[in-house]
Number of protein chains: 2
Amino acid sequence: MSGFTTKPTDEVAIATIRTLAADVVGKANSGHPGAPMGMAPAAHVLFSQFFNTNPKNSKWYNRDRFVLSNGCALEYIMLHLLGFKLSLDDLKDFRQLGSITPGHPEAGHTDGIEVTTGPLGQGFASAVGLGIAQAHMAAVYNKDGFDLINNYTYVFTGDGCLMEGVASEAASLAGHLQLGNLIYIYDDNHISIDGDTAVAFTENVEQRFLSYNWQVLHVDNGDSDLGAIYNAIAEAREEKNKPTIIRLRTTIGYGSKQQGTHGVHGAPLKADDIQALKTKFGFPPNEAFHIPKETYEVYGATATRGAKLEKEWDALLASYGQKYPKEHAELTRRISGKLPDGWEKSLPVYKPSDAAQASRKLSELVLTAITPVLPDLMGGSADLTGSNLTRVKAAVDFQPPSTGLGNYAGTYIRYGVREHAMGAIGNGLAAYGGIIPFVATFMNFVSYAAGAVRLSALSKHQVIWVATHDSIGLGEDGPTHQPVEVAAHFRATPNVDVWRPADGNETSASYYSALTRTQTPSILCLSRQNLPNLEGSTLENALKGGYVLYEIQNEDLTIVSTGSEVSIVLEAAQKLKEEGLKVRIVSLPCWSLFDEQPAEYRLSVLRSGAPILSVEAYSTLGWQKYSHEQFGLPSWGASGPYQKVYAKFGLTGPNIAVVGKKVIDFYKKKGGEVVSPMVKAL
Amino acid sequence: MSGFTTKPTDEVAIATIRTLAADVVGKANSGHPGAPMGMAPAAHVLFSQFFNTNPKNSKWYNRDRFVLSNGCALEYIMLHLLGFKLSLDDLKDFRQLGSITPGHPEAGHTDGIEVTTGPLGQGFASAVGLGIAQAHMAAVYNKDGFDLINNYTYVFTGDGCLMEGVASEAASLAGHLQLGNLIYIYDDNHISIDGDTAVAFTENVEQRFLSYNWQVLHVDNGDSDLGAIYNAIAEAREEKNKPTIIRLRTTIGYGSKQQGTHGVHGAPLKADDIQALKTKFGFPPNEAFHIPKETYEVYGATATRGAKLEKEWDALLASYGQKYPKEHAELTRRISGKLPDGWEKSLPVYKPSDAAQASRKLSELVLTAITPVLPDLMGGSADLTGSNLTRVKAAVDFQPPSTGLGNYAGTYIRYGVREHAMGAIGNGLAAYGGIIPFVATFMNFVSYAAGAVRLSALSKHQVIWVATHDSIGLGEDGPTHQPVEVAAHFRATPNVDVWRPADGNETSASYYSALTRTQTPSILCLSRQNLPNLEGSTLENALKGGYVLYEIQNEDLTIVSTGSEVSIVLEAAQKLKEEGLKVRIVSLPCWSLFDEQPAEYRLSVLRSGAPILSVEAYSTLGWQKYSHEQFGLPSWGASGPYQKVYAKFGLTGPNIAVVGKKVIDFYKKKGGEVVSPMVKAL
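Residues numbered from 1 in each chain as written. Chains lettered and ligands numbered in written order. Predicted model: local features only at pLDDT ≥ 70, side-chain atom pairs only at ≥ 80, totals over all residues. Heavy atoms only, no water.

Residues and elements named next belong to chain B. Spatial ordering of the open sheet is given by 1-2-3-7-6, a layout of five strands whose pairing is parallel. Unpaired on one side and paired on the other, strand 1 (65-68) and strand 6 (215-219) mark the two borders of the sheet. Averaged over all pairs of adjacent strands, the angle between their axes in this sheet comes to 20°, without regard to strand direction. Both strand 2 (residues 153-158) and strand 3 (residues 182-188) contribute to a ladder of six bridges, which runs parallel. If you follow Phe-156 over to strand 3, its bridge partner there is Ile-185. Contacts between helix 2 (residues 34-50) and the sheet are confined to strand 1, strand 2, strand 3 and strand 7 (244-249), with strand 2 contributing the most and set at about 170° to the helix. Here helix 9 (residues 226-238) sits on the sheet and contacts strand 2, strand 3, strand 6 and strand 7; the angle it forms with strand 6, its principal contact strand, is near 170°. (Pairing = 2+ DSSP bridges. Helix = DSSP H or I, 4+ residues; strand = E, 2+ residues; numbered from the N terminus. Axes fitted to C-alpha atoms, helices over the stretch in contact; angles between N-to-C directions. Contact = heavy atoms within 4.5 Å.)

Take a look at the structure:
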């Protein structure tokens, strides 16, 4: 009943993948040969029989997506054989400095890599984002006779990924969402780094995925039963209302003398083993990187088919444009990554006389204002919708229509209490294209998703974190929920914009920045408590990352602050003014943007001549870069009504005035010029 | 067939819990009344019928442990009713500043709280650590006729916890480990913050836990079928080879007009609703915090039983001491938290002439040396044993004996690829007492466990992270695996010691510190690559957190560094010496210890008079606190052989010499006194 009969070229192609895996890892003298060798048959069947891709245009929108969750050399080998921009020399450069073939596949670094993998579980979960994106874009744009968006997402995953919590979270959500476009192949090779999976991983994986509402299939001989692999993938494609996982029993390092042991997991094969392997497969034993012509031909056929499919798709899209010009314009704009002209005019603008509001509320007002003009936005919360204020009134939930709770055209995602998967799914949504994802939780629990945020930043995925309840201002929930270290963590992460807006205009600016910086994730740290609108805060000012909010010449002190503390330091400045002291105020809502400003500007904001004091309700770590003296949280927060918690930590106008006076006196007594921390040798 | 017949006092006690929950949250005007009201029957049956505890001695070693994973007021209510050090006034002070009843239960803050909960999933996973600890201590110390250690761990958990990945990881491991001492009661109330769990959580929980090898029971009417609850707990206690989860169908906010809706989840009940509730239960409708005498009597009986049990246990322990004096001495020492006399003499000491070694290897040598004298150590790795070098040769795995892979007396835990659960389980192991847990992964993946590390620190749990592959020195694995931001993250976290030892003696010091600072978790950041042993590094010096490694008067520059970069800056200093420039070197392996030194000492190490340059292969964020100029990683790392990666980022002796020269010239040109960053107003 198989629709597939093994041909000699199939054997050759599979042997090519296996020997290349040995050679690539062998030449680098580093890497993981075992999994690619074991998964070669599955990779071969998938890419030769099913996978729609045009290697000459890795960005074709309706391509199938491939995610190698147990990220390793296999992906580079397949990209090369399929004809992507990855040469044999690139394969030989595996894990070498400056190569496009680093230790683990990085999106944005190597053509054809959809999402970054290697950190276990991330690929598994990101792929759910790719699946959500397909289902959503199809629901919004496909029309009768125009099945424009119908790709599959194929995922290879191993034991390691399945042990990670982020994968469990994503799997449960994918089952709930009935994502029939997801096909996972689980490399059940019984081996992880510590040896046999019997030491730590004895759960019943099939039963577990059944509990998540997945279709579960299995192939008992993944080493050579190509027909069974073919049939399983074909069956998976037929299931439209469930994700599928195919448990594929394989032999890690198949063909090696050490096959089936963890000896082939993370270390190169020995030279004689590689020779024997090649001899076994009828390959020249002493020739490295041998690729038979037939192998190139097999995968060349996939490339030819894909190029043809893209051409047909282009024609379909063009005729769609005839019939549905508005949808066509919107879809192509979204695919291009360009925002609609004038969208930013919708951003709320505030005057100081406008009522004080929590920045989480200001965020809701932004979302309410821009959602009608930005269909690209697709967001949700990890079960804190009513607290994060992320669901605008007109929103429709992204849900399987059969639930009666929404539909796939809906843009609001109910993530459940699954922060880590939410972050990884955000990466998948961003990677798919046409979607700008936002995700929401309490700021403190962005830490649960640290592994995913890191990969957003490394992979340049534009994911927007709506991180409310941003400090001790959350009050009663207490220290377990009050971030102290979180801002420092993400400020230290390259390519993350951490925003902490002080009022309405700064909140609008944070969204403007997050939406226009398309290569950078942003974390918007938003208050639970009300914040007054400030004189001097404007979108333009805030977009410099930092600016002088209150200017005065010959100052005795500059106080630099962020978010909810800015109005407190303004109060302190007023108190000090009554004592005849001149205090400038700088608002610094986004360090990374400020760091990008010209040196002259930065020095004009944080200028020499008087001490600079930073005030922020977090750990002070890092503020030494922008100030001479720091005032913040010395330890954990506390549980209580927020005003009392602020008072306990001295974060009140009167106390900051006392602290400021102390700083002024100290530097006066010390004498000598006070030089700006911006004046540096390096 | 029930062993339980409901009496009127049971109804009264349950009504007391329900009305107290409404009053406690109502008075605070903040909190979660619904879950305590729904779980009151289960709490009542558990605490009145099964739970062994002596409220007068919350540290009795063989007490049953209770973990309220969906941490809320219920735990405080039960502690009060049972007679722990938590008064009615403390209940009235719920969520008030300075109270012992903060928003979520914190271990170390409130008597009787075993582990901190609230951040979802943490309690679920920490409880697995409590279960491992019991199984282990029993296997080591129990003897025929001396069933000294046989407590159960009872856990209440909700939908939110079950959605969290950390709970999935822990559940899979607990099933593998066949921990029959774990009894979880799942509050299946169909409600989370976003509303009905139908919006995001539709998996089959029973099937999922069966897949993990748990015993799965259920009670269909958790609102009033006390007999069924009793029977389920009794049945759970009988299953010795599997953890049990009892799915208890409850009505959230039972008794409220809004029962069964998310309206009762996270907000106080209205006044009239509370009145009606009390009337319904026959309580005075206008009296707040009404506690009938019968209720105190019911739980007083539990306390009386517990006090008697402890007395009997004390006698058993004493007679154990007669028969097994050695084991008795060791057990009581371990329970007391005291290390054995002279253990530190086992720590390796190095001379500069000793061979260079990776600090992960030096860590292995420490573990090898101290394991024989420190039976308290119980550790493992998240499937990176061969890379972390955490399993000493003589180790026995902690495994169910039936697996043939080890036994419960074994001290080496195979965590699988489950970093977050590993961190939380570490908290449970530390909380149990008698065990000092270490856990291991690549430093980069400590971030996956951020939620657990944070609670180690907040709860003062002594968990030791062996975090190897600590920077770009891991080389080929590339940026996905190279920590840049991780040190800043944990240095910004209160009560975490981040260590980055530079050589053998500093590695020994890091362990000495981690083992003796019993209220603080430590993260030991260890290199993959070899590090030379340094002249001037000693245990005593390193234990100050920072010290002058190479002293010279009238210096032109001080370079402060850590870990693998210390030998690089020494090389730079040598190069600059050849140019006639005097460079002091400071090693600063642990910032938090250094910060605890007297101001005078800190100023003597990082003294005024010459610029200070920091060099470390991480983000420079935070180094401004200790230096005038910073050199580190400006962005992500790179994949390649580590020497080449170091060279790419300028982290070589010759380049640091160039950088140092630039700093010297800049400050000479700038003129004026160079003041130490230790000289501060605040």
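Where strands meet in a sheet, backbone hydrogen bonds hold them as pairs that are either parallel or antiparallel. Residues and elements named next belong to chain A. The five strands are arranged 16-18-17-19-20 in an open sheet whose pairing can be described as mixed. The open sheet terminates on both sides in strands that have one partner only, identified here as strand 16 (547-550) and strand 20 (629-631). The average undirected angle you get between the axes of adjacent strands in this sheet is 30°. Bridge count for strand 17 (residues 557-561) against strand 19 (residues 612-615) is four bridges, and the pairing is parallel. From the neighbouring strand, Thr-558 faces strand 19, where its bridge partner is Ile-612. Its contacts with the sheet put helix 24 (residues 653-670) on strand 17, strand 19 and strand 20, and the angle it makes with strand 20 is roughly 165°.

Quick look at the domain arrangement of chain A now. For chain A, the domain assignment lists domain 1 (8-308), domain 2 (343-531) and domain 3 (544-670). Here domain 1 of chain A and domain 3 of chain A have C-alpha centroids that lie 52 Å from each other. (Domains from an automatic or database assignment.)

This part takes up the side chain of Thr441(A). For Thr441(A), the location among the structural elements is in strand 11 (residues 436-442). We classify Thr441(A) as buried; its relative accessible area is 0%. (Buried < 20%, exposed > 50% of the residue type's maximum accessible area, 1.4 Å probe, protein only.)

Next up on the list: the interface of chain B and chain A. Residue-level contacts link 107 residues of chain B with 106 residues of chain A. Three residues stand out in chain B for area buried against chain A, namely Tyr448(B), Arg454(B) and Trp636(B), and they jointly supply 9% of the buried area on that side. Viewed at the interface, chain A and chain B are joined by six salt bridges. Between Asp194(B) and Arg414(A) there is a salt bridge, with its nearest N and O atoms 3.0 Å apart. Counting across the chain B and chain A interface gives 60 residue pairs in polar contact (both at pLDDT 80 or more). Tallied by class, the residues present in the side of chain B that touches chain A amount to 43 nonpolar, 41 polar and 23 charged. (Buried area = accessible area lost by both parts, 1.4 Å probe. Salt bridge = Lys/Arg side-chain N within 4 Å of Asp/Glu carboxyl O. Polar contact = N/O pair within 3.5 Å; in protein donor to acceptor, adjacent residues only side chain to side chain. Nonpolar A, V, L, I, M, F, W, Y, C, P; charged D, E, K, R; others polar.)

What describes two packed helices is the angle between their axes and the distance between those same axes. All names here are of chain A. Packing of helix 1 (residues 8-28) against helix 10 (residues 271-280) leaves a shortest axis separation of 10 Å and a crossing angle of 165°. By the angle between their axes, helix 1 is roughly antiparallel relative to helix 10. As for the relative orientation of helix 1 and helix 10, their crossing is left-handed in sense. Contacts between helix 1 and helix 10 involve Arg-18, Thr-19, Ala-22 and Asp-23 from the former and Ile-274, Leu-277 and Lys-278 from the latter. Among the residues making up the contact of helix 1 with helix 10, the classes are represented as three nonpolar, one polar and three charged. (Parallel < 35°, antiparallel > 145°, perpendicular 65-115°, else oblique. Left-handed = near helix turned anticlockwise from the far one by under 90°.)

The subject of this paragraph is the relation of the copies chain B and chain A. Between the two chain copies there is a screw-like relation: a rotation about an axis and a shift along it. In screw terms, the move from chain B to chain A is a rotation of 180° and a rise of 0.0 Å along the axis, fitting with an RMSD of 0.0 Å. As the rotation angle and translation indicate, the two copies are arranged about a two-fold axis. Of all interface residues in chain B, 99% are interface residues in chain A too; the two copies therefore contact each other through one and the same surface. (Least-squares fit on C-alpha atoms with pLDDT ≥ 70 in both.)

Residue and element names in this part refer to chain A. Under the UniProt annotation, "binding site: Mg(2+)" (unreviewed entry) lies at Asp-159, Asn-189 and Ile-191. Sequence-wise these annotated residues cover 33 residues; spatially they are packed, their C-alpha atoms never more than 7.9 Å apart. Secondary-structure assignment places Asp-159 in helix 6 (residues 159-163). With sequence-adjacent residues up to four places away left out, Asp-159 is seen in contact with Tyr-186, Asp-187, Asp-188, Asn-189, His-190, Ile-191, Thr-197 and Phe-201. Secondary-structure assignment places Ile-191 in strand 4 (residues 191-192). Beyond its immediate sequence surroundings of up to four residues, Ile-191 is in contact with Asp-159, Asp-196, Thr-197, Ile-252, Gly-260, Thr-261 and His-262. (UniProt positions renumbered as here; feature names shortened; annotations may be inferred.)

All names here are of chain A. In the UniProt entry, the feature "binding site: thiamine diphosphate" (unreviewed entry) is given for Gly-118, Pro-119, Leu-120, Gly-160, Asn-189, His-265 and Phe-445. With the annotated positions falling across 328 residues, the maximum pairwise C-alpha distance of 34.3 Å shows that they are not confined to a single cluster. Considering the arrangement of structural elements, one finds His-265 in the loop between strand 7 (244-249) and helix 10. His-265 sits in the buried class, given a relative accessible area of 19%.

So, on to the packing of helix 3 (residues 73-82) of chain A against helix 11 (residues 293-323) of chain A. All names here are of chain A. Relative to each other, helix 3 and helix 11 sit at 80°, their axes nearing to 8 Å. The angle between helix 3 and helix 11 falls in the class roughly perpendicular. On helix 11, the residues that touch Met-78, His-80, Leu-81 and Leu-82 of helix 3 are Thr-295, Tyr-296, Tyr-299, Thr-302 and Ala-303. Looking at the contact of helix 3 with helix 11, its residues break down into six nonpolar, three polar and no charged.

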